[in-house]
Amino acid sequence: MLKMNEQEDEDYKVIIIGAGNGGLVATARLALAGVKVLLIEQHNLPGGFASSFVRGRFEFETSLHELASFGSESNPGSIRKLFEDTLKIDAEFLEIPEAYRVITKDLNVIMPFGVENFINAIEKEVPGSKESVENFFQLARDINHAFAYVGKSKGNPDQTVLLKEHSNFLKTAAYSVKEVEDALDMPEKARAIINAYWAYMGLPMSRINFTIFAAMVNSYISKGAYIPKLRSTEFTLALDKKIRELGGNIMYNTRVEKILVKDGQVTGVETSKGDKIKTNYVISNASQTLVYNKLIYPKSEVPDIAYKEVNARIHGLSAFVVYLGLDASAEELGINEYSYFIMGDMDTEKLYDEWKELGVPKGQATVCLNVAIPDCSPPGTSIIYITTLFSPEAWANVKPEEYVDVKNRIADGLITDFEEALGISIKEHIEELEVATPQTFARYTRTYNGVIYGYEPESWDSVVPRLMMMNEHYYIKGLEFAGGFGRQCHGYSSALNDGELAALLVLNKLQVRVRSKVDE
Amino acid sequence: MTNNNKNKKFNITVKSNTKDLYSFMKLVPGRKKRIQKASSEPITSDPMNELARKLHPERQYLIIDNIKDETKTTKTFKFIPDPDFETKELAYFRAGQYLSLKVEVNGVLITRPYSISSSPNDALKGFYEITIRKEEHGFLTNFIWDNWSAGTEVVSSGPEGFFYYEPLRDKKSIVGIGGGSGITPFRSMARAITESILDAKLTILYGSSEEDDIIYYEELKELEKKYPNKVKVVYILSCEEVTLEGCEKGFISSEIIKKYVDVNNSSFFICGPQIMYEFLDKELKKFDLPPKKIRKEAFGEIKNIDEFPGFPKNLAEKTFKIIVHQENITKEIPALAKESVLVALERAHFAPPSKCRSGECGFCRSLLISGEIFISPIGDGRRMADKKFNFFHPCYSYPISDLEMEIPKDA
């Protein structure tokens, strides 16, 4: 029996819009289950933000600093399991040697991976902080256990079990990092060290939800971090290959212009090439913002509640990246760590405000790729990328003829800050330089306003309420979402995991349908 | 957790036990309430995508405003937005960038990259100039000479390429080495410098085979006169008889370069024919400059791939078969070993996206399913993962066996 409004003559069981992290995994996972899928991508290669580009002798990683939730062979994380056990893709990942080095005006410390080492390193730097930091990680573990329990319960957890066994999870879920760290009585300096990862969340400590932040920090510190050997294009092309092998179809250079909807049910998509392709299920890797405001056709099929949902949420930040190909090795330059967080101080409120203007933000997350992948560039050279964030609005009034000057001024300032923090000089070694701004991210992915960080995970809209309300967001039948604007918040591993979740949810619906057919 | 508190479970209280649990209970109703209270107005503005489309339009619809004869074989075409299409303003660019023009020649759709020879300011005023030299057997240039006139419609890409002065990387003293029509990006750079768009100084070493072939002579003279501290042009002529005053004879050798340029405090930009690149490689080697000091404009179509080391010469005249898949279409086409796969595709009326025709931009990137190709050793712009998964650039790859491949289709 067909569900109400579904059509019988569909071209594909499921069409996936966008070959970003979420879209690729969703497609591969459905193809693995034998579902007839079509993945449509506007660019001529997969990946979205997960990409790479060549300039001269260098190939730059577009946006990935480090992949969390990958884990070692003996202690695999969800992404390793997804890539190696479930999808069996052909991509190699290398381990990043240390967690990070954080440099502020009164801190300069190299942080190791491994929870115990990490706690001890903080204690050494900030005597007396140990208990509070241990408790931080205890809470993070409790959050993981709670997620595992909620997952096992298929979204219907027993309230008494939650209260009895996962009270730490419940009692922190509605709070910001600051609120919980206050309660833990954690010394300021210890917070500055732990909170350095806030750069990957992009909102101040008073607003980042504790649950998502603690889970992220714990994932990095306990499982380590990894980076694809041949840049992100390696795993995205491996996924592309896997999808083809599993019988899935992919159309590149093709943009979905419309998601066709009739009487509240998805009926197909219309592409930039003028094709109308029929389906009852669409998984969109494009955000709710784009889908409801631009893609649903006719517009009268978009209910008010969908606009309200998008408008209630806060769009995250975009990024600014300086990619440097240097004609000296990392050792020659005096760069020994993979990952640097360099901030004037850890006043995250202040820095968040700086990102709203076109100054040189006093905060950067900088990576030297050669430290993890020594042969990522020719001998005697190195690759560094300096990342800061910006509110897209800061760039809204930049005229095309001013654009290069503006980005170069900021890039120059960030390079100078990096040089000063490390006490080294790199400018005379710049052989290749590329600068990406919010405009660049918009250009290549068409994400709304160049946003890279999805919707901001304040406590009210963080992972817990998103997951708890998961089933209440189906305003249009047959429409599912996957990716960095999704249930599990932004970031590579969240988007990849969310792609798998989206596929499983759609599979679930498809199987219900198949079963009801057999039942007749 | 350390050993001594292994058994002691830590229980958090953030505000108070009741408040903490209450806050959790309120998460979902609170979120629902926030959503209900929000505006139901659609979002209509997206400034970053708007800026992206201004800086990097997918296409620009142009018409020829007028054509100027520069030399007996060279014309400058002035393009303005085509009033019949949506292009209302022209994308700004960095002096040295090119446009990829898409032209239908006798039923065959091809692309060609041409450096923009006008100033970036001119784009704001509403025009681009492109200067083209007629090639003896030029497939496209013959067509242009016969067919293009004021009012002709031409479809172009946005500004492309990386051949530009980058203040964070390059020395303020730029040396532009141009051969023949390779002078065109330097005219744009000279303008950008004299119009204070770029804060740099440009010395152009301009090689021509005949005096008659020199493009922009009067114009550049004037710029030199007006801005003696910013622009200098040295003419190098390879012909026997030279009447031009103050010029150099022969080719652009290390001696000539040394004579006019502070070699160690300059950044070199080179644009010209293949033969000039080969000559200059040897000459510049004598200065032992780091790679960062020498930037070469993308080559364009290679004319003599069979003379490159590693190319199987015995196959040069052979024709192979390519099975081409493009979306739902599959077709078998012939392909000459010494012509790029892209040319074979165009001859067979496939028009995959392409821009640089130099292995750099990635627009023609395709999947090689089976067969052997020879990839140009210069300008192999493939990503490492492209190599691993058999993606290649047809514009810089040559068939040396029968092939099967999947190509993209223009959006």
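Residues numbered from 1 in each chain as written. Chains lettered and ligands numbered in written order. Predicted model: local features only at pLDDT ≥ 70, side-chain atom pairs only at ≥ 80, totals over all residues.

Visitor: Before we go on, may I ask you to explain the overall build of chain B in this structure?
Guide: Each helix and strand in chain B was counted, giving eleven helices and 19 strands. C-alpha extents for chain B along the principal axes are approximately 100 × 60 × 55 Å. Every one of the 411 residues in chain B was classed for burial, and the buried ones make up 41%. Restricting the contact set of chain B to residue pairs at least 6 apart, pairs at least 24 apart contribute 70%. (Helix = DSSP H or I, 4+ residues; strand = E, 2+ residues; numbered from the N terminus. Buried ≥ 20, exposed ≤ 12 C-beta atoms within 10 Å, placed from the backbone. Contact = placed C-beta atoms within 7 Å.)

Visitor: Any chance you could explain the overall build of chain A here in plain terms?
Guide: Summing up its helical and strand segments, chain A has 18 helices and 20 strands in all. For chain A, the spread of C-alpha atoms along the principal axes amounts to about 70 × 60 × 45 Å. When burial is assessed residue by residue, chain A has 60% of its 520 residues classed as buried.

Visitor: Quick question: what am I supposed to make of the domain arrangement of chain A here?
Guide: Note on interface size: it is often stated as the accessible area lost on association of the parts. All names here are of chain A. Annotation of chain A at the domain level lists domain 1 (14–56 + 68–92 + 229–313 + 456–519), domain 2 (115–224) and domain 3 (317–445). Summarising the inter-unit geometry, the C-alpha centres of domain 1 and domain 3 are found 30 Å apart. Contacts between domain 1 and domain 3 engage six residues on the former and seven residues on the latter. Residue classes in the side of domain 1 that touches domain 3 are distributed as one nonpolar, three polar and two charged. (Domains from an automatic or database assignment. Nonpolar A, V, L, I, M, F, W, Y, C, P; charged D, E, K, R; others polar.)

Visitor: Just to check I follow, could you spell out the interface of chain B and chain A for this structure?
Guide: On the side of chain A, 73 residues touch chain B, which itself brings 57 residues to the contact. At the level of secondary structure, the elements contributing two or more residues to the side of chain B that touches chain A comprise helix H1 (17–25), helix H2 (27–37), helix H3 (47–55) and helix H11 (384–388) of chain B.

Visitor: Looking at this model, I keep getting lost on helix H15 (residues 400–422) of chain A. Mind explaining?
Guide: Helical periodicity: at 3.6 residues per turn, an α-helix aligns residues three or four positions apart in one direction. Residue and element names in this part refer to chain A. With 23 residues, H15 extends 34 Å between its outermost C-alpha atoms, agreeing within 8% with the 33 Å of an ideal straight helix rising 1.5 Å per residue. For H15, the set of buried residues is Val404, Lys407, Ile410, Ala411, Leu414, Ile415, Asp417, Phe418 and Leu422. Looking at the buried positions of H15, the neighbouring elements they touch are strand S15 (318–326), strand S16 (339–343), strand S17 (363–368), strand S18 (382–390) and strand S19 (430–436). Positive phi appears at glycine 423, one or two residues downstream of H15, with a value of about 65 degrees. (Expected span 1.5 Å × (residues − 1).)

Visitor: Any chance you could explain the domain arrangement of chain B here in plain terms?
Guide: Residue and element names in this part refer to chain B. Partitioning chain B into domains gives domain 1 (54–156), domain 2 (173–296) and domain 3 (306–406). Computed from C-alpha coordinates alone, the two centres of domain 1 and domain 2 are separated by 24 Å. When residues of the side of domain 1 that touches domain 2 are traced back to their parent elements, those giving at least two are strand S1 (60–71), helix H4 (120–125) and strand S5 (128–133). Considered class by class, the residues forming the side of domain 1 that touches domain 2 number three nonpolar, nine polar and three charged.

Visitor: Could you clarify how one ought to interpret the environment of lysine 229 of chain A in this entry?
Guide: Residues and elements named next belong to chain A. If you trace the backbone, lysine 229 turns up in the loop between strand S8 (226–228) and helix H10 (232–245). Taking the C-beta count within 10 Å as the criterion, lysine 229 has 18 such neighbours and is therefore assigned partly exposed. Counting along the chain gives 139 residues from lysine 229 to aspartate 90, while the straight-line C-alpha distance between them is 11 Å. The residues contacting lysine 229, other than those within four sequence positions of it, are Glu92, Phe93, Leu94, Glu234 and Ile373.

Visitor: I tried to follow unusual backbone geometry on my own but got confused; where do I start?
Guide: Leaving glycine out, the prevailing phi sign among residues is negative, and the prevailing peptide bond configuration is trans. Residues and elements named next belong to chain A. A cis amide bond, omega -5 degrees, links tyrosine 297 with the succeeding residue proline 298. Following the sequence through the fold, proline 298 ends up in the loop between strand S14 (296–297) and helix H12 (304–312). A positive phi angle, near 70 degrees, is found at arginine 231, a position not held by glycine. Residues other than glycine seldom take positive phi values, yet aspartate 263 does so here, at roughly 50 degrees. Looking at the secondary structure, you find aspartate 263 in the loop between strand S10 (256–262) and strand S11 (265–271).

Visitor: How do you make sense of the sheet that holds strand S13 (residues 281–284) of chain A when you look at a structure like this?
Guide: All names here are of chain A. With respect to topology, five strands assemble into an open sheet ordered S9-S2-S1-S13-S20, the strand pairing being parallel. Of all the strands in the sheet, the pair left with one neighbour each is strand S9 (249–251) and strand S20 (479–481). Averaged over all adjacent pairs, the angle separating strand axes in this sheet is 20 degrees, with direction ignored. Note: strand S1 (residues 14–17) against strand S2 (residues 37–40), four bridges, orientation parallel. Residue pairing for S2: isoleucine 15 is matched across the bridge by leucine 38. (Pairing = 2+ DSSP bridges. Axes fitted to C-alpha atoms, helices over the stretch in contact; angles between N-to-C directions.)

Visitor: Help me out: how do you make sense of the environment of alanine 26 of chain A in this one?
Guide: Residues and elements named next belong to chain A. Tracing the backbone through its elements, the reader meets alanine 26 in helix H1 (residues 21–32). Residues alanine 26 and glutamate 357, spaced 331 residues apart in sequence, show a C-alpha to C-alpha distance of 37 Å. Setting aside its immediate chain neighbours within four residues, alanine 26 contacts Ile16, Ile283, Ala482, Gly499, Ala502 and Ala503.

Visitor: Please explain the packing of helix H16 (residues 438–445) of chain A against H3 of chain B as it appears in this structure.
Guide: Packed helices, taken two at a time, are described by the angle their axes make and the gap between the axes. One can describe the packing of H16 of chain A onto H3 of chain B by two numbers: an axis separation of 8 Å at closest approach and a directional angle of 80 degrees. Between H16 of chain A and H3 of chain B, the angle falls in the class roughly perpendicular. Contact with H16 of chain A, carried on its side by Pro438, Gln439, Ala442 and Arg443 of chain A, involves Met48, Asn49, Leu51, Ala52 and Leu55 of chain B of H3 of chain B and no other residues of that element. Here the contact of H16 of chain A with H3 of chain B is built from residues that sort into six nonpolar, two polar and one charged. (Parallel < 35°, antiparallel > 145°, perpendicular 65-115°, else oblique.)

Visitor: Teacher, can you tell me more about the pairing of strand S2 (residues 74–81) of chain B here?
Guide: Residues and elements named next belong to chain B. Of the strand pairs in this sheet, S1 and S2 are connected by eight bridges, and their pairing is antiparallel. Paired with lysine 68 across the two strands is threonine 76, which belongs to S2. In this structure, the hairpin formed by S1 and S2 is closed by a connection of two residues. Taken together, the six bridges between S2 and S5 define a ladder with antiparallel strand orientation. Each residue of the ladder has a partner; that of phenylalanine 79, found in S5, is tyrosine 128.

Visitor: Explain the nonpolar core to me, please; I cannot follow it from the model alone.
Guide: General note: in soluble globular proteins, nonpolar side chains tend to be found buried as a group. Ranked by size, the top nonpolar core spans 208 residues in total, and within it Val14, Leu67, Ile259, Val322 and Tyr385 of chain A carry the most contacts. Beyond its immediate sequence surroundings of up to four residues, valine 14 of chain A is in contact with Leu30, Val35, Val37, Thr279, Tyr281, Ile283 and Val506 of chain A. Counting 38 residues, the second largest nonpolar core, distinct from the first, contains Phe163, Val231, Ile257 and Phe269 of chain B. (Core = buried A, V, L, I, M, F, W, Y, C linked by C-beta atoms within 7 Å.)

Visitor: Whenever I open this one, the sheet that holds S2 of chain B confuses me. Can you help?
Guide: All names here are of chain B. Spatial strand order, S4-S3-S6-S1-S2-S5: six strands in an open sheet with antiparallel pairing. Pairing within the sheet leaves two strands with one partner each, and these edge strands are strand S4 (108–115) and S5. Ignoring which end each strand starts from, the neighbouring axes of this sheet average 40 degrees apart.

Visitor: For this particular structure, what's the right way to read the confidence of the model for chain B?
Guide: The predicted coordinates ought not to be read in detail in places where the model reports low pLDDT. All names here are of chain B. For chain B, mean pLDDT is 95; residues scoring 70 or higher make up 98% of the total. This model gives residues 1–6 a pLDDT under 50, and the stretch forms three contacts once residues within four places in sequence are excluded. Scored as a whole, the predicted complex attains pTM 0.96, and scored at its interfaces, ipTM 0.96. (pLDDT = per-residue confidence, 0-100.)

Visitor: Hey, could you run me through the confidence of the model for chain A in this one?
Guide: Here chain A shows a mean pLDDT of 95. Residues at 70 or above account for 98%. Across residues 516–520 of chain A, confidence stays below pLDDT 50; counting only partners more than four residues off in sequence or on other chains, it has three contacts.

Visitor: Would you mind going over the pairing of S11 of chain A with me for this structure?
Guide: Along any regular strand, the residues point their side chains to alternate faces of the sheet. All names here are of chain A. Summarising the sheet, S10 and S11 pair through six bridges and their orientation is antiparallel. Residue pairing in the sheet places lysine 262 in a bridge with glutamine 265 of S11. Counting the residues that bridge the hairpin from S10 to S11 gives two residues, and of these aspartate 263 lies at a positive phi of roughly 50 degrees. With three bridges connecting them, S11 and strand S12 (residues 276–278) associate as antiparallel partners. Counted as the bridge partner of glutamate 270 is lysine 276 from S12. The turn joining S11 and S12, which pair antiparallel and follow one another in sequence, is formed by four residues; a positive phi near 85 degrees is taken by glycine 274.

Visitor: Honestly, the packing of helix H4 (residues 130–152) of chain A against helix H9 (residues 210–223) of chain A in this entry has me stumped. Any pointers?
Guide: All names here are of chain A. Direction vectors running N to C along H4 and H9 enclose 100 degrees, while the axes themselves pass 9 Å from each other. Taken as axis vectors, H4 and H9 run roughly perpendicular relative to one another. Along its contact with H4, which presents Phe136, Phe137, Leu139, Ala140, Arg141, Ile143 and Asn144, the element H9 presents Thr211, Ala214, Ala215, Val217 and Asn218. Split into classes, the residues belonging to the contact of H4 with H9 amount to eight nonpolar, three polar and one charged.

Visitor: Could you clarify how one ought to interpret the environment of glutamate 61 of chain A in this entry?
Guide: Residue and element names in this part refer to chain A. Take glutamate 61: it is sitting in strand S4 (residues 58–61). Considered as a pair, glutamate 61 and isoleucine 342 are 281 residues apart in the sequence and their alpha carbons are 20 Å apart. Non-local contacts of glutamate 61, meaning those with residues more than four positions away in its chain, are made with Ser52, Arg231, Ser232, Leu369 and Tyr385.

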